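# Chains, contacts and geometry: an overview
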Amino acid sequence: MINVNRLSKRYGSHVAVDGVSFDCPPGTVTGFLGPNGAGKSTTMRMTVGLTPPSSGSATVHGVPYRRLLNPARQVGLLLDASAQHAGRTGRETLTITAQTIGVGRQRVDEMLALVSLSGAAANRRVGNYSLGMRQRLGLANALLGGPDVLILDEPANGLDPDGIFWMRALLRDFADRGGTVLLSSHLLHEVEAVADRLVIINGGRIAAQGDKAELLKSAGVRVRATDGDALRRALASAGIETKATSDGALIAHAPAEAVGHTAAAQGLVLLELHPAGGVEELFMSLTTANHTKEVA
Amino acid sequence: MEATMQSQAGTTVRVTSPALWRLTATELRKMVDTRAGIALLVAIELLVAALVVVQLFTGRADARTFTGIFTTALIPVSILLPVLGVLSVTSEWSQRTALTTFALVPRRWRVLLAKGLGAAVLALLAVAACLATAAIGNAVGAAFMHGNGSWHFTGRTLGGAVLAQLLYVFVGIAFGLLLQSSPLAIVIYFVIPNAWSVLGNLVSWLRSWAAWLDLNTTTGPLLQDNTLSGQSWAKLAASVGLWILLPLGLGLVRLLREEIK
């Protein structure tokens, strides 16, 4: 269980995180989405006490992270896979964590096997690892203490498609056994397949949060016509709000049927008409709506 | 401290914060588990051995005693232990492991305490290595090179050597903690006290200050075989306050308040 309560972080006059609140209940995977620089990492670091918040608070299992006695036994963290000592081997990296938090060496071998880094790879220096291998080592490090909460910042970065598929299965299984997962990404498709809930942050503020299916439904439809301007005018006169995407399509806040009828009435030729599912469209629709959405 | 929690399997498990000895063992391990860490320790021992060998071939043979060889062989230890102290702290930032270290142990001062204890263990081992190497040198010198070969050695000499080396490793930790940058801390460590010593020799009124505040000067009596006077202790305390306690205090405040990225 993670509770984030009105967290804010200011750096001078710059507001990096502005009153962010959300909860991650046990048994769920929460996708924390936002473009680069939206405040995802800062929020996560504040949640685990590495960054002192300007205001607000966060708890894990009802306790501020910094007051947990041996936090790694309850909360597995992967905040930056490249923040590992380049001169240590993969096995040594895990051994240091194991020794700090008091779990056996056998657990190190188990975790290395779990992330497919046993054998020769375990004895290579992290400096020689690819980013994907560092992510897997970081995940092994997070799981070492047998936590029931996982907080992962951009864990899919550098993973190949197989690796992403493997990680989804692992996180799904973790949540299905009652665990709580919070994972961030700037790409919707990375978390779409595994997340139950989405928290979307933009410019340091929560743009939307709630059940994934509901949110994606509320993102509107993406429509593209041979004559984009005519379509925009037609929809506007029909009272349907739209916003142009960077590739010439429109995001419309109306059911697909209404959009299709409007276009047909004007004799417009449509090239695309489908639910807007991409993270870009989601942000677009959220900024079009120009208010914070809360979907239960 | 102890608490209980529900594990994922639903059973109650006991959670305790990692014991200080455990953190100390981990920090000690981190100082020796990389090539750079090992290289530094090997360099210290090689320089000690080299200084012992040099002493066998230079100076008056009848002056070659165990105590004499030992105190001279300590010189490279005194120079490199501060570097070891600096690196034990700054590597957390240069290698960005601080993110993991302080997430695993959120009470940050405990990590610092463990680093201090770990570095103290290494300082003691360095003195022990120095004793062993000097003993070999003295035995060889007496047997084959007409050395004096006296084994006279007092607890006072050992105590002074140990205290001096502990202070040297702690000054490194203090500088590393305050500056959080390996090159900056090492350069400033070597430049400031030495600039102070040089200035003290040039400017007369600075010299009287240097006698109180220059760590190189104030630790000198520790390595001589006579009892420290009250004033010597006062001078030592003043320089320790300036070069160890002050940066350590400021560095600790910085560590406890700062954002770790």
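So, a few notes on the structure that sits alongside this text. (Residues numbered from 1 in each chain as written. Chains lettered and ligands numbered in written order. Predicted model: local features only at pLDDT ≥ 70, side-chain atom pairs only at ≥ 80, totals over all residues. Heavy atoms only, no water.)

## Considering the sheet that holds strand E4 (residues 55-60) of chain A
Residue and element names in this part refer to chain A. Sheet architecture is open: 3 strands sit in the order E2-E1-E4, paired in antiparallel fashion. Strand pairing shows two members of the sheet lacking a second neighbour, strand E2 (14-24) and E4, which therefore form its edges. Each strand axis lies, on average, 20° off the axis of its neighbour in the sheet, ignoring direction. Bridge count for strand E1 (residues 2-11) against E2 is 7 bridges, and the pairing is antiparallel. From the neighbouring strand, Val4 faces E2, where its bridge partner is Phe22. (Pairing = 2+ DSSP bridges. Helix = DSSP H or I, 4+ residues; strand = E, 2+ residues; numbered from the N terminus. Axes fitted to C-alpha atoms, helices over the stretch in contact; angles between N-to-C directions.)

## With respect to the sheet that holds strand E13 (residues 270-275) of chain A
All names here are of chain A. Spatially, the 4 strands line up as an open sheet ordered E11-E12-E10-E13, and their pairing is antiparallel. Looking along the sheet, the strands with just one partner apiece sit at the ends: strand E11 (242-244) and E13. Each adjacent strand pair in this sheet contributes to an overall mean axis angle of 20°, direction not counted. The pairing of strand E10 (residues 221-225) with strand E12 (residues 250-252) spans 3 bridges and is classified as antiparallel. Residue Val223 lies in a different strand from E12, and its bridge partner there is Leu250. The strands touched by helix H9 (residues 256-265) are E10, E12 and E13; relative to E13, the strand with the most contacts, the crossing angle is about 165°. (Contact = heavy atoms within 4.5 Å.)

## Some thoughts on the side chain of A:Lys212
Residue and element names in this part refer to chain A. On the secondary structure map, Lys212 appears in helix H7 (residues 212-218). As a buried residue without a salt bridge, Lys212 has its nearest oppositely charged side chain in Asp196, at a separation of 6.4 Å. A distance of 2.5 Å separates the side chain of Lys212 from the backbone oxygen of Glu192, its partner in a polar contact. A distance of 3.1 Å separates the side chain of Lys212 from the backbone oxygen of Ala195, its partner in a polar contact. With near-sequence residues (within four places) excluded, Lys212 lies in contact with Glu192, Ala195, Asp196, Arg197 and Leu198. (Buried < 20%, exposed > 50% of the residue type's maximum accessible area, 1.4 Å probe, protein only. Lys, Arg positive; Asp, Glu negative; His and termini not counted. Salt bridge = Lys/Arg side-chain N within 4 Å of Asp/Glu carboxyl O. Polar contact = N/O pair within 3.5 Å; in protein donor to acceptor, adjacent residues only side chain to side chain.)

## Focus on the packing of helix H8 (residues 204-213) of chain B against helix H10 (residues 230-257) of chain B
All names here are of chain B. Running from N to C, H8 and H10 point in directions that differ by 85°, and their axes come no closer than 6 Å. Considering the angle they form, H8 stands roughly perpendicular to H10. On the side of H8, the interface is formed by Ala211, Trp212 and Leu213, while H10 contributes Gln231, Ala234, Lys235, Ala238, Ser239, Leu242 and Trp243. Of the residues in the contact of H8 with H10, the class split is 7 nonpolar, 2 polar and 1 charged. (Parallel < 35°, antiparallel > 145°, perpendicular 65-115°, else oblique. Nonpolar A, V, L, I, M, F, W, Y, C, P; charged D, E, K, R; others polar.)

## Let's talk about helix H4 (residues 131-143) of chain A
Here H4(A) contains 13 residues, and its C-alpha end-to-end distance of 18 Å stays within 8% of the 18 Å for a straight helix at 1.5 Å per residue. Among all positions in H4(A), only A:Gly132, A:Met133, A:Arg134, A:Gln135, A:Leu137, A:Gly138, A:Leu139, A:Ala140, A:Asn141, A:Ala142 and A:Leu143 are buried. If you follow the buried residues of H4(A), they end up packed against strand E5 (75-78), helix H2 (90-101), helix H3 (105-114), strand E6 (149-152) and helix H5 (161-176) of chain A together with helix H4 (98-104) of chain B. (Expected span 1.5 Å × (residues − 1).)

## Looking at the pairing of E1(A)
Residues and elements named next belong to chain A. Judged from the 5 bridges that link them, E1 and E4 form a sheet pairing that is antiparallel. Considered in E4, the bridge of Asn3 is made with Thr59. Counting the residues in the hairpin turn of E1 and E2 gives 2 residues, including Gly12, whose phi is positive at 60°.

## Points about the interface of chain B and chain A
A common way to state how big an interface is: give the accessible area lost once the parts meet. With 37 residues of chain B at the contact, the number on the chain A side is 41 residues. Roughly 3,300 Å² of surface becomes buried between chain B and chain A when both sides are summed, with 52% attributable to carbon and sulfur atoms. Our enumeration of links across chain B and chain A arrives at 4 salt bridges. Across the pair B:Arg96 and A:Asp80 runs a salt bridge, and its minimum N-O distance is 2.6 Å. Here chain B and chain A share 16 residue pairs in polar contact (both at pLDDT 80 or more) between them. Those elements that provide at least two residues to the side of chain B that touches chain A are strand E1 (2-6), strand E2 (12-16), helix H1 (20-32), H4 and H10 of chain B. Looking at which element gives the most residues to the side of chain B that touches chain A, the answer is H1(B), with 6 residues. Tallied by class, the residues present in the side of chain B that touches chain A amount to 15 nonpolar, 9 polar and 13 charged. (Buried area = accessible area lost by both parts, 1.4 Å probe.)

## Quick look at a nonpolar patch on the surface
All names here are of chain B. Residues Trp109, Leu113, Leu117 and Leu256 make up a contiguous nonpolar surface patch of about 340 Å² in total accessible area. The dominant element in the nonpolar patch, judged by the number of residues it contributes, is helix H5 (residues 108-144), at 3 residues. Counting through the fold element by element, Trp109 comes out in helix H5. (Patch = residues over 30% accessible without salt bridge, like charges linked within 9 Å, V, L, I, M, F, W, Y side chains within 5 Å. Areas by Shrake-Rupley, 256 points an atom, 1.4 Å probe, with all protein chains shown as cover.)

## Some thoughts on the packing of aromatic side chains
All names here are of chain B. Applying the stated criterion across every chain yields a total of 9 aromatic pairs over all chains. Here Phe175 and Trp243 contribute two aromatic rings whose centre-to-centre distance is 6.1 Å and whose plane-to-plane angle is 25°, an arrangement assigned as stacked. Taken as a pair, Phe175 in helix H6 (residues 155-179) and Trp243 in helix H10 lie far apart in primary sequence, 68 residues in all. Members of the aromatic cluster, connected to one another through ring pairs, are Phe66, Phe70, Trp151 and Phe153. (Phe/Tyr/Trp six-rings, centres within 6.5 Å; stacked < 30°, edge-to-face > 60°.)

In short, the description is geometric, and any link to function would need to be established separately.
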